[in-house]
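Now for the letters of each chain:
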Amino acid sequence: MKIAVIGTGYVGLVTGVALSEVGHTVTCIDVDPEKVEKLSHGIPTIYEPGLEELIKKNIGQGRLFFTSEHRTGLKEASVIYIAVGTPQRKDGSANLDYVEHAALDIAANIDRDTIIVIKSTVPVGTNFHIKNLINKNTKNGIRVKIASNPEFLREGSAVKDTFHGDRIVIGSEDRETADVLAEVNKPFEMPIIKTDISSAEMIKYASNAFLATKISFINEIANICESLGANVEEVAKGMGLDHRIGPDFLKAGIGYGGSCFPKDTNALVQLAGNANHEFNLLKSVIEVNNKQQILLLDKIMTRFGDISGKRVAVLGLAFKPNTDDLRESPALVMIPKLAALGANVIAYDPIAVSNAKRQLGTEIEYTEDLHSALNNADFTVIITDWPDVKKIGLTVFNKLMKTAIVFDGRNCFDLSDVRQSEIEYYSVGRPDQAPELIY
Ligand SMILES: NC(=O)c1ccc[n+]([C@@H]2O[C@H](COP(=O)([O-])OP(=O)(O)OC[C@H]3O[C@@H](n4cnc5c(N)ncnc54)[C@H](O)[C@@H]3O)[C@@H](O)[C@H]2O)c1
Ligand SMILES: O=c1ccn([C@@H]2O[C@H](COP(=O)(O)OP(=O)(O)O[C@H]3O[C@H](CO)[C@@H](O)[C@H](O)[C@H]3O)[C@@H](O)[C@H]2O)c(=O)[nH]1
């Protein structure tokens, strides 16, 4: 089938590449000509394991194309995916400007009746609004059908998630549209949930809100564990073995970040508010997360009192490992606060440094070398659980730092190893007085 995808961010690019990999002919359209230029030459514009090979392979096999011109890209497409950003507005609601622009681009350029699939995360009601917007602006009586097909990929494992995800959700206005999209998605061999459009839109927000709730819940338990002398990792293990709870998304730390959980939880609170429902549970989830992101700062200030002039190694800038994305990373909260308190920050990340310079400025020092970050540091703050940080021998802290004091926001090290080491160590939900593991 001939498919067009509008937007080549994480979702658009991975969607376009995956659809071409399973045999469709796909043209990805982006308004950013620099992205299009790179992608046309097989150069990925995002860091995502496994993606480059797939882009190159499918370009080579003549199934994957990139363009910045909607007219060329939409020509003869039977299905058009919209995968543009839906960032957060100041009041927390989803900004639909990009989706509306994409709709007008479609209306101005399609040459036949088409199915429009919204992959972007959008509030309930948006699909019908976009359908009406397109149909109002098409020429020659062309009409579109609309379908909601929310995306569940995670950054850093986007390719794996796309080919081995848990489900594909298709919300459509009629059976015929659902059947066409089921056919498009059949090669992925995943359970397909066919439902109505509003429910599909809500499934996406509810899923992200639930996962964020799990994280804030375990973070609250972690904070209570610290006061009571229990170990949150043992608690999470014991809880997660109950299949009704499950082991995933129970890792305590400095809170969730990324391009989705923060904005989608805020958008759902707004959406509920518009329906006169005060979503108090989700509001608390957000509040807990905001506090959690600066939890280490409280520990640092309790330990030092004053950090001006201290050299601080910040390990990790990305909001999670395997991505160079800093959107809503706790690093964006912690580093300015450390700098404002007079600390000299040297920040390490293996791949996110150039993105960080754009967002955090060049006033702090950056390095892509873990060891040089630690050199002569007064204390270390771990923000991202990069594998090389987790694998570092604890003696390295003693060897390289002025004083081996480590504030670990991701519980990277086993407490038993820490106890045998000579580092001073603060983690999340695992207090000093947590009992030694005897089994
Ligand atoms: N990033 C994720 O991991 C993820 C996962 C699931 C769902 N989502 C949702 O998917 C959507 C896209 O997210 P993203 O992170 O890929 O976005 P992004 O902002 O990284 O990328 C969007 C791309 O669309 C392009 N664009 C904007 N308007 C355009 C237009 N009219 N025509 C052509 N191109 C246009 C931009 O230039 C940009 O390259 C959002 O709604 C997001 O919430 C994201
Ligand atoms: O037990 C956990 C799991 C995650 N996190 C944090 O939560 C954030 C989000 O992590 P993750 O969900 O792995 O990454 P995303 O790429 O943001 O993916 C989420 O957001 C996407 C965009 O909507 C959805 O498609 C995915 O299903 C959903 O997992 C990160 O800061 C993680 O460090 C924790 O603190 N503890």
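Residues numbered from 1 in each chain as written. Chains lettered and ligands numbered in written order. Predicted model: local features only at pLDDT ≥ 70, side-chain atom pairs only at ≥ 80, totals over all residues.

Student: Even after reading the chapter, I still don't get the pairing of strand S13 (residues 405-408), so can you show me in this structure?
Tutor: Regular strands place their side chains on alternate faces of the sheet. Here S13 shows two buried faces, one formed by Ile 405 and Phe 407 and the other by Val 406 and Asp 408. As paired elements, strand S12 (residues 379-382) and S13 share three bridges and run parallel to each other. Bridging from a neighbouring strand, Val 381 pairs with Phe 407 of S13. Sheet topology note: the S13/strand S14 (residues 424-426) ladder contains three bridges and is parallel. Each bridged residue has a counterpart across the sheet, and for Val 406 the counterpart in S14 is Tyr 425. With helix H19 (residues 415-420) bridging S13 and its parallel neighbour S14, the resulting β-α-β unit is right-handed. (Buried ≥ 20, exposed ≤ 12 C-beta atoms within 10 Å, placed from the backbone. Helix = DSSP H or I, 4+ residues; strand = E, 2+ residues; numbered from the N terminus. Pairing = 2+ DSSP bridges. Right-handed = clockwise from strand over helix to strand, strands pointing away.)

Student: Can you walk me through the domain arrangement of the protein chain in this structure?
Tutor: The figure often quoted for interface size is the accessible area lost as the parts come together. If you check the domain split of the protein chain, you get domain 1 (2-195), domain 2 (204-290) and domain 3 (293-426). Each of domain 1 and domain 2 has a C-alpha centre, and these two points are 29 Å apart. For the side of domain 1 that touches domain 2, a count of residues per class yields six nonpolar, four polar and two charged. (Domains from an automatic or database assignment. Nonpolar A, V, L, I, M, F, W, Y, C, P; charged D, E, K, R; others polar.)

Student: Just checking my understanding: could you explain the sheet that holds S14 for this structure?
Tutor: Strand order in the open sheet formed by six strands is S11-S10-S9-S12-S13-S14, and the pairing between neighbours is parallel. With partners counted over all chains shown, the strands left at the sheet margins are strand S11 (365-367) and S14, one partner each. Each strand of the sheet is rotated relative to its neighbour by a mean of 20°, with strand direction disregarded. Sheet analysis places strand S9 (residues 311-315) next to strand S10 (residues 344-348), joined by five bridges and oriented parallel. Residue pairing across strands places Arg 311 opposite Asn 344, the latter belonging to S10. Here helix H14 (residues 330-340) sits on the sheet and contacts S9, S10 and S12; the angle it forms with S10, its principal contact strand, is near 155°. (Axes fitted to C-alpha atoms, helices over the stretch in contact; angles between N-to-C directions. Contact = placed C-beta atoms within 7 Å.)

Student: Hey, could you run me through H14 in this one?
Tutor: For the α-helix, the turn length of 3.6 residues means that residues three or four positions removed from each other point alike. Those residues of H14 not exposed but buried are Pro 330, Ala 331, Met 334, Ile 335 and Leu 338. One face of H14 carries all of its buried residues, which in axial projection span an arc of 110°. Buried residues along H14 sit in contact with helix H13 (295-304), S9, S10, helix H15 (353-360) and S12. Downstream of H14 by a residue or two, Gly 342 has a phi angle that is positive, lying close to 95°. (Arc of directions from axis to C-beta.)

Student: What is the right way to look at the site of ligand 1 in this model?
Tutor: Near ligand 1 there are 27 residues, and of these Gly 7, Gly 9, Gly 85, Thr 86 and Ser 120 occur at the shortest range. Every element with two or more residues in the shell around ligand 1 is listed here: helix H1 (10-21) and helix H5 (97-109). If you tally residues by element for the shell around ligand 1, the top one is H5, at four residues. Here the shell around ligand 1 is built from residues that sort into eleven nonpolar, ten polar and six charged. (Near = placed C-beta within 6 Å.)

Student: When you look at the environment of Val 117 in this model, what are you seeing that I'm missing?
Tutor: Take Val 117: it is sitting in strand S5 (residues 114-118). On the neighbour-count criterion, Val 117 (26 C-beta atoms within 10 Å) is buried. Ignoring sequence-local partners within four residues, the contact set of Val 117 consists of Val 79, Ile 80, Tyr 81, Ala 147, Asn 149 and Leu 181.

Student: Just to check I follow, could you spell out the packing of H5 against helix H6 (residues 126-137) for this structure?
Tutor: The packing of two helices is summarised by the inter-axis angle and the distance between the axes. Direction vectors running N to C along H5 and H6 enclose 35°, while the axes themselves pass 8 Å from each other. As for how H5 packs across H6, the hand of that crossing is right-handed. For the pair formed by H5 and H6, the contact residues are Val 99, Glu 100, Ala 103, Leu 104, Ile 106 and Ala 107 on the first element and Thr 126, Ile 130, Leu 133, Ile 134 and Asn 137 on the second. (Left-handed = near helix turned anticlockwise from the far one by under 90°.)

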